[in-house]
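Below, each chain spelled out in residue letters.
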Amino acid sequence: MTEHEHVRVAVIGSGFGGLGAAVRLRREGVTDFVVLERAGSVGGTWRDNSYPGCACDVPSHLYSFSFAPNPDWPRAFSGQRHIRAYLEHIADVFHLRRHIRFDSEVKLMTWDAEQLRWEIETSGGRLTADLVVSATGPLSDPKIPDIPGLDSFPGEVFHSARWDHDHDLRGKRVAMVGTGASAIQIVPAIQPQVGRLTLFQRTPPWVMPRVDRAISGAERALHRALPFTTRLRRGLLWGIRELQVQAFTKHPDELNLVEQLAKRNMARAIKDPALRAKLTPDYRIGCKRILLSSEYYPALARPNVDVVASGLAEVRGSTLVAADGSETEADTIVFGTGFHVTDMPIADRVVGADGRTLAEAWKGGMEALRGASAAGFPNWMTIIGPNTGLGNSSMILMIESQLNYLADFVRQLDVLGGRAALDARPAAVRDWNHRVQERMQRTVWNTGGCTSWYLDANGRNSTIWPGTTSEFRRATRRVDLAEYEVLRARKKVDA
């Protein structure tokens, strides 16, 4: 990029959110934009997470854009390789590559109040933009806990999202730290090849069977010949999940039956009462994300697997010490400990109108008007922002709703004309957030008795949307100018 390049829109990230934003901008007639990607290829989290067994726990036909249905998904729940290939296909078929700047990590974004534009410093150069769309996503930056003595470990250490494919696990003593969505896929994938696998489990998850299957050639041929059948399939998958939302958001007691089914799922594979006791959660199902796997429990029952019902507390050379005092020898440590979700690093790199970073503005908790706009950060929007996450459905639905909001944001700027910017009013942000948090109080995520990554350091749920995807779509259908302050560039006065 040139030293003083200026674009109308800068999109940060090329995962589902960033590519979706690029497609929507082109459909709105906006071609003066760039997509800034820190890596060398598209895909976001589906590029970065390539660990053994990596797959989506949302059905394939629902985990894809409505405007780009894929009739050729090979399985009901697709793996990482096929999802990444889908995103590469999106970049090609919608002619997005001409807009993408690879190896361009954003280092700093600063609002210029005089020019009403963003000054952006990247690892590939500098540019300015009238509007910034931050689509870095909450599952971008891995989080490894600060374990005393970890630096003394003589073996290999890596996070699940930075898998070392050159490291051979065959016959090794492997420690898996964490029991989240990544871990329950990794454990059964590596268990047959490792010498010994020790799972450090701080909190057991609720696990339901993953009813996966290959999608037949006849089904795929039908979807290609009659595209409406793909839309119908997607609609049915969406409708089922919309009907489930009430149990999560209003009547958590209705989840009792699901809890019993999860216990039966465990009992079928785990015959040892002591191990079953370790693996049984003490919180309401749904409080943390319900995980899907038909191989996790059988893998834990294998003779070369140990479950330590305690977190990793200390490392002494090759000896791993759990919080309960037990010790384990290991050659390799794999951290499946999640991401910086409520403290996203990108927030430290965004400097708003009053000179504060977004991280400073969000010190008391993330807040954004309709999950998109933060007060004091004009012409800045985020995709998958605060309180837009889901506990039971596809994030692509939420992303597309936010793309609708982005499209109307661009239209409103066009209508205003000239050099203008929209800054979310603090009162509008507070009102929106208050309504969201009021609804959150009765949800299973707040009342289920667990500590999850949905909650920030203050114990506030700033991650999940407490309603249906239909409600969110209605709430983001258009931009209400009354919720924004319209900024105009100051006119220069001759002396």
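Rules used in this analysis
- Each chain carries its own residue numbering, running from 1 in the written order of its sequence.
- Local features are withheld for residues below a pLDDT of 70 in this predicted model, meaning they are given only at 70 or higher, and side-chain atom pairs are given and counted only at 80 or more; totals for whole chains, interfaces and linings count all residues.
- With hydrogens and water stripped out, all remaining heavy atoms of the structure feed into the side-chain values.
- For this text, the term disulfide refers to a pair of cysteine sulfurs within 2.5 Å.
- A run of H or I in DSSP becomes a helix once it reaches four residues, and a run of E becomes a strand once it reaches two; helices and strands are each numbered from the N terminus.
- The classification of residues rests on relative accessible area computed with a 1.4 Å probe and restricted to protein chains. Under 20% of the type maximum is buried, over 50% is exposed, and intermediate values are partly exposed.
- A pair is scored as a salt bridge if a Lys or Arg side-chain nitrogen falls within 4 Å of a carboxyl oxygen belonging to Asp or Glu.
- In this analysis a 1.4 Å probe is tested at points of a 1 Å grid over the protein atoms alone, and where it fits but cannot get out there is a cavity; an open set with protein on both sides within 12 Å along at least five of seven lines is a pocket; lining residues have an atom within 4 Å of a point.
- Grid points are joined across faces, edges and corners, and a volume is the space filled by probe spheres set on the points.
- Three categories are distinguished: nonpolar for Ala, Val, Leu, Ile, Met, Phe, Trp, Tyr, Cys and Pro, charged for Asp, Glu, Lys and Arg, and polar for the others, with Gly belonging to the last.
- To get an axis, a line is fitted to the C-alpha atoms, and for a helix only the part in contact is used. The angle between two axes follows their N-to-C directions and goes from 0 to 180 degrees.
- Between 65 and 115 degrees an angle is taken as roughly perpendicular, under 35 as roughly parallel, over 145 as roughly antiparallel, and anywhere else as oblique.
- Helix crossings fall into two classes, left-handed where the near helix is turned counterclockwise from the far one by less than a right angle and right-handed where it is turned clockwise.
- We call two residues in contact whenever any of their non-hydrogen atoms come within 4.5 Å of each other.
- Expected span of a helix, by definition, is 1.5 Å for each gap between consecutive residues, and there is one gap fewer than residues.
- It is the directions from the helix axis to the C-beta atoms that the arc portrays.

A word on the state of the cysteines
Any covalent bond linking the sulfur atoms of two cysteines counts as a disulfide. Applying the stated criterion to the full structure yields one disulfide. Linked covalently through their sulfurs, Cys287 and Cys450 form a disulfide whose S-S length is 2.0 Å. The chirality of the disulfide connecting Cys287 with Cys450 is left-handed, given an S-S dihedral of about -90°. Of this pair, Cys287 sits in the loop between α8 (273–279) and β11 (291–292) while Cys450 sits in the loop between α13 (444–447) and α14 (469–475), and the two are 163 residues apart along the sequence. Assigned by exposure class, Cys287 and Cys450 land together as buried. Cys54 takes part in no disulfide bond, and the closest cysteine sulfur to it belongs to Cys56, at a distance of 8.8 Å. The buried category is assigned to Cys56, whose relative accessible area is 4%.

Here's the deal with the pattern of salt bridges
According to the stated counting rule, one finds 35 salt bridges in the structure shown. Note that Arg173 and Asp331 form a salt bridge whose closest N and O atoms lie 2.8 Å from each other. Of the two residues, Arg173 is situated in strand β8 (residues 173–177) and Asp331 in the loop between β15 (327–329) and β16 (332–335); the sequence distance between them amounts to 158 residues. Classification of Arg173 by relative accessible area gives partly exposed; the value is 34%. What makes Asp331 partly exposed here is its relative accessible area of 25%. In this structure, a network of salt bridges that share partners links the residues Arg24, Glu28, Asp408 and Arg411.

A closer look at empty space enclosed by the protein
The full count for this structure, using the stated rule, is three cavities of 30 Å³ or more. Of the pockets and cavities examined, the largest cavity occupies roughly 70 Å³. Lining of the largest cavity is provided by 13 residues; of these, Ser134, Thr136, Met344, Ile346 and Thr382 occupy positions nearest its centre. Taken together, the residues that form the lining of the largest cavity break down as nine nonpolar, four polar and no charged.

Let's talk about the packing of helix α1 (residues 16–27) against helix α11 (residues 395–416)
Contact geometry of α1 with α11 gives a least axis separation of 10 Å together with a crossing angle of 40°. The angle between α1 and α11 places the two elements in the oblique class. Here α1 and α11 pass one another in a crossing that is right-handed. Along its contact with α1, which presents Phe16, Gly17, Gly20, Ala21, Arg24 and Leu25, the element α11 presents Ile396, Ile399, Leu403, Asn404, Leu406, Ala407, Val410 and Arg411. Its residues assigned to classes, the contact of α1 with α11 shows nine nonpolar, three polar and two charged.

Describing helix α3 (residues 80–93)
Relative to the 20 Å expected for 14 residues at 1.5 Å per residue, α3 spans 20 Å between its end C-alpha atoms, a close match to the ideal helical length. By the burial criterion, the buried members of α3 are Gln80, Ile83, Tyr86, Leu87, Ile90 and Ala91. For α3, the angular spread of buried residues about the axis comes to 140°, placing them on one side. In this fold, the buried residues of α3 make contact with α1 and α2 (45–48). Looking one or two places after α3, you find His95, whose phi comes out positive at around 55°.

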